[in-house]
Amino acid sequence: MPPDSTPHTCALPAAASGRLRPLAALPLPQLAALHGVLTDIDDTLTADGVIAPAALDALHRLAAAGVPVVAITGRPAGWSAPLALAWPVAAIVAENGAVLLRRQGGQLQIDFVADAATRAAHQLRLQACAQAVLAQVPGATLAQDSAGRLTDIAIDHSEFAHLDAAQIAQVVAVMRAHGLTATVSSIHINGWIGDHDKPSGARWAVQQALARPWNPAEWVYVGDSTNDQAMFQAMPLTVGVANIARFLPQLQAFPGYVTPAERGDGFAELASALLAARAAA
């Protein structure tokens with residue numbers, strides 16, 4: 001069955017009203033001055049793993065207007081590869097900043113933060129950690145996209161399985177005890193080795209895929225979960241889609257603005273506001 005194309009809105013808790021301003025309050029000159037858009041994928045562009053029609057249309061409208069979009073995700077390189085070829089995006093940064101995928105001459109170009117020898121050594125530690133998680137956390141299962149992962153591990157908490165808050169905290173604790181960086185997205189708990197993250201991935205993509213100096217003030221970031229906190233903290237202009245309400249109690253860093261609609265429909269609202277601001281400038 002195709003995903004429901006009806007836009008959904010999500011009421012934010014009253015406690016968030018002082019932190020998150022509505023998208024309509026974002027000054028038009030600030031939007032008009034942007035060079036491009038950085039965005040999460042799961043539950044920001046997609047619902048249940050499928051891109052929302054409004055979000056795909058928004059990507060095409062942004063591309064036609066010369067506004068580059070870079071998607072930054074915790075999803076694996078294998079999962080992201082066909083999207084990097086099919087979607088009108090400048091690049092996709094996968095596995096939380098470790099892998100850069102982009103089209104070059106109709107072919108897929110894949111680059112890594114770490115060299116092959118380092119990745120091989122890390123894989124041994126990552127797999128040992130994954131086995132420890134499965135042994136120590138009742139109910140924990142590897143994410144179904146694990147076969148496509150080249151530099152990290154992921155435990156499913158909301159995509160096909162369900163872990164409660166205590167189980168999620170247990171998984172994070174095991175990963176960190178093994179020396180991994182651990183973050184929680186809307187669907188997975190991701191663990192990796194290294195100091196890369198979404199902000200470093202954004203900088204890398206802009207400099208390498210777009211051959212443009214990195215200036216955070218030229219970009220807006222759109223996200224939906226705790227896995228986006230590093231970007232909410234690093235970027236001067238950030239927007240949460242409305243379903244971020246689910247994660248507000250866990251957030252330490254918040255987006256500056258929030259869309260009325262959820263997921264891909266919310267992303268489309270941001271894209272429409274940006275393009276309208278450009279047209280009016």
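Definitions and cut-offs
- Residues numbered from 1 in each chain as written.
- Predicted model: local features only at pLDDT ≥ 70, side-chain atom pairs only at ≥ 80, totals over all residues.
- Heavy atoms only, no water.
- Helix = DSSP H or I, 4+ residues; strand = E, 2+ residues; numbered from the N terminus.
- Buried < 20%, exposed > 50% of the residue type's maximum accessible area, 1.4 Å probe, protein only.
- Contact = heavy atoms within 4.5 Å.
- Pairing = 2+ DSSP bridges.
- Axes fitted to C-alpha atoms, helices over the stretch in contact; angles between N-to-C directions.
- Lys, Arg positive; Asp, Glu negative; His and termini not counted.
- Salt bridge = Lys/Arg side-chain N within 4 Å of Asp/Glu carboxyl O.
- Polar contact = N/O pair within 3.5 Å; in protein donor to acceptor, adjacent residues only side chain to side chain.
- pLDDT = per-residue confidence, 0-100.
- Expected span 1.5 Å × (residues − 1).
- Phe/Tyr/Trp six-rings, centres within 6.5 Å; stacked < 30°, edge-to-face > 60°.
- Lys NZ or Arg CZ within 6 Å of the ring centre and 35° of its normal.

Trainee: Can you tell me about unusual backbone geometry, naming the residues and giving the values?
Mentor: Unusually for a residue other than glycine, Asn-96 sits at a positive phi of about 55°. Take Asn-96: it is sitting in the loop between β6 (91-94) and β7 (99-104). You can call Asn-96 buried: its relative accessible area is 1%.

Trainee: Tell me what's going on with the environment of Ala-98, and back it up with residues and numbers.
Mentor: Looking at where Ala-98 falls in the secondary structure, it is placed in the loop between β6 and β7. Separated by 14 residues in sequence, Ala-98 and Phe-112 place their C-alpha atoms 5.8 Å apart. In this structure Ala-98 touches Asp-111, Phe-112, Val-113, Thr-151, His-196 and Trp-204, once residues within four positions along its chain are discounted.

Trainee: So what's going on with the sheet that holds strand β11 (residues 188-192)? Residues and values would help.
Mentor: Across a sheet, strands are paired by hydrogen bonds formed along the backbone, either parallel or antiparallel in direction. On the basis of which strands lie adjacent, the open sheet formed by 3 strands has the order β9-β11-β10 and antiparallel pairing. Edge positions in the open sheet fall to β9 (152-156) and β10 (181-184), since each of these has one partner strand only. Averaged over all neighbouring strand pairs, the angle between strand axes comes to 20°, with direction disregarded. Where β10 meets β11, 4 bridges bridge the pair, whose relative direction is antiparallel. The partner of Val-184 across the bridge, within β11, is Ile-189. The sheet contacts of helix α5 (residues 165-177) involve β9, β10 and β11, and relative to β11 the element is tilted by about 5°.

Trainee: Give a description of the side chain of Glu-95 that names residues and reports values.
Mentor: Counting through the fold element by element, Glu-95 comes out in the loop between β6 and β7. For the buried residue Glu-95, which engages in no salt bridge, the nearest side chain bearing the opposite charge is Arg-149, 5.4 Å off. At 3.0 Å, the side chain of Glu-95 forms a polar contact with the backbone nitrogen of Leu-150. Leave out the neighbours within four places in its chain, and Glu-95 touches Thr-73, Gly-74, Arg-75, Pro-76, Ala-77, Gly-148, Arg-149, Leu-150, Thr-151, Asp-152 and His-196.

Trainee: Any details on the environment of Met-175? Residues and values, ideally.
Mentor: Along the chain, the position of Met-175 falls in helix α5. C-alpha of Met-175 to C-alpha of Val-99: the two residues are 76 residues apart in sequence and 20 Å apart in space. In this structure Met-175 touches Cys-129, Val-133, Ile-153, Ile-155, Leu-180, Ala-182, Ile-189, Asn-190 and Gly-191, once residues within four positions along its chain are discounted.

Trainee: Go over the confidence of the model for the protein chain with me, naming the residues and quoting the values.
Mentor: Summing up the model confidence of the protein chain, the mean pLDDT is 94 and the portion of residues at 70 or higher is 94%. With pLDDT under 50 throughout, residues 1-6 is counted as low confidence; its partners more than four residues away or in other chains account for 3 contacts.

Trainee: Which residues make up helix α6 (residues 198-209), and what are the values?
Mentor: Spanning 12 residues, α6 covers 15 Å between terminal C-alpha atoms, matching the ideal 16 Å at 1.5 Å per step. Regarding α6, the residues found buried are Lys-198, Pro-199, Ser-200, Gly-201, Ala-202, Trp-204, Ala-205 and Val-206. Ala-211 occupies a position one or two residues after α6 and carries a positive phi of about 50°.

Trainee: So what's going on with the packing of aromatic side chains? Which residues, and what values?
Mentor: Two aromatic rings are characterised by how far apart their centres lie and by the angle between their planes. According to the stated counting rule, one finds 1 aromatic pair in the structure shown. Considering the side-chain rings of Tyr-221 and Phe-232, the 6.1 Å spacing of their centres and the 65° angle between planes classify their relative orientation as edge-to-face. Placement of the pair is Tyr-221 in strand β12 (residues 219-223) and Phe-232 in helix α7 (residues 229-234), with a sequence separation of 11 residues. In this pair, the class of Tyr-221 matches that of Phe-232, namely buried. In this arrangement the basic side chain of Arg-21 is found over the ring face of Tyr-257, its NZ or CZ atom lying 4.2 Å from the centre. Over the ring of Trp-79 we find Arg-75, and its NZ or CZ is 4.4 Å from the ring centre.

Trainee: Help me get a handle on the pattern of salt bridges, residues and values and all.
Mentor: Inspection of every chain in the model, using the stated rule, returns 12 salt bridges. As a salt-bridge pair, Asp-40 and Lys-198 come within 3.0 Å of each other at their nearest N and O atoms. Of this pair, Asp-40 sits in the loop between β2 (36-39) and β3 (46-47) while Lys-198 is found in helix α6, placing the two residues 158 residues apart along the sequence. Like Asp-40, the residue Lys-198 is buried in the burial classification. Connected via shared salt-bridge partners are Asp-42, Arg-75, Asp-145, Arg-149, Asp-152 and Glu-159.

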